[in-house]
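Chain residues, written in single-letter form:
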Amino acid sequence: MTIQRIKPGPRMSGAVVHGNTVYLAGQVAQESAGKSVTEQTKEILSIIDSLLAEAGTDKSKILMANIWLTDMGTFQEMNAVWDAWVSPGNTPARATVEARLAAPAFKVEIAVIAAK
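Right, let's walk through the structure included here. Per chain, the residues get numbers from 1 upward, laid out in the order the sequence is written. In view of the model being predicted, local features appear only for residues whose pLDDT reaches at least 70, and side-chain atom pairs are presented and counted only at 80 or more, with totals across whole chains, interfaces and linings using the full set of residues. Side-chain metrics in this entry use all non-hydrogen atoms of the structure; hydrogen atoms and water are not considered.

### Quick word on the pairing of strand β4 (residues 62-69)
Right, on to step 1. Strands are treated as partners if at least two bridges between them are detected by DSSP. Secondary structure elements follow DSSP: runs of H or I no shorter than four residues count as helices, runs of E no shorter than two count as strands, and numbering proceeds from the N terminus. Here β4 pairs with strand β6 (residues 108-115) via 7 bridges, running antiparallel. For Ala65, the partnering residue across the bridge sits in β6 and is Val112.
Right, on to step 2. As defined by bridge partners, β4 adjoins strand β5 (residues 93-98) across 6 bridges and the pair is classed as parallel. Along β5, the bridge assignment pairs Trp68 with Val97.
Right, on to step 3. With helix α2 (residues 75-85) bridging β4 and the parallel β5, this β-α-β connection has right-handed handedness. Handedness rule for crossovers: strands pointing away from the viewer, path from the first strand over the helix to the second running clockwise, crossover right-handed.

### A look at α2
Right, on to step 1. Those residues of α2 not exposed but buried are Met78, Asn79, Val81, Trp82 and Trp85. Burial along α2 is one-sided: seen end-on, the buried residues are contained in an arc of 165°. Exposed residues lying more than 90 degrees from the buried face of α2 are Gln76, Ala80, Asp83 and Ala84. The buried label applies to any residue whose accessible area, calculated with a 1.4 Å probe on protein chains only, is under 20% of its type's maximum; exposed applies above 50%, and partly exposed to all values in between. Arc definition: it is the arc formed by the directions from the helix axis to the C-beta atoms.

### Side note on the sheet that holds strand β3 (residues 21-24)
Right, on to step 1. Spatially, β1-β2-β3-β6-β4-β5 is the arrangement adopted by the 6 strands of the open sheet, whose pairing is mixed. In this open sheet, the two strands that pair with only one neighbour each are β1 (3-8) and β5. Strand-to-strand, the axes of this sheet are offset by a mean angle of 10°, without reference to chain direction.
Right, on to step 2. In this fold helix α1 (residues 37-54) packs onto β1, β2 (13-18), β3, β4 and β6, with an angle of close to 25° to the strand it touches most, β6. Axis geometry follows a simple rule: fit a line to the C-alpha atoms, using only the stretch in contact for helices, then measure angles between N-to-C directions, giving values from 0 to 180 degrees. Working rule for contacts: check all heavy atoms of both residues, and any pair within 4.5 Å makes them a contact.

### Overview of the packing of aromatic side chains
Right, on to step 1. Working definition: a ring pair exists when centres of Phe, Tyr or Trp rings (six-membered ring for Trp) sit within 6.5 Å. Plane angles under 30 degrees give stacked, over 60 give edge-to-face, the rest tilted. All chains considered together, the criterion is met by 1 aromatic pair.
Right, on to step 2. Measuring from ring centre to ring centre gives 5.3 Å for Trp82 and Trp85, while their planes differ by 55°; the resulting arrangement is tilted. You can see Trp82 and its partner Trp85 sitting in helix α2, 3 residues apart, about one turn around the helix. We note that Trp82, like Trp85, is buried.

Here it is in structure tokens:
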């Protein structure tokens, strides 16, 4: 079975496709870093849409999502964006936890696994 790497870099790839499964690296908001959780979540979900499309799939096929927030007090703010974005009737398994992220400007990080 082949492995396809999408947007490979020296440390990690943006996504890896193996068989009929697509694994996305944790995505953070570059353009809206330092801005609100709402803005960062919107940007991250847009990045996820793009990576999934490049891998030949879409958000309706997401199997699992892991979400990291720097402050669980922003859980509802992030969920408002997520709920408007997620494919109705195709909600994935999901975990959301509070954690310190790679840089203080990042307030949200999201990684997903999807089927093709």
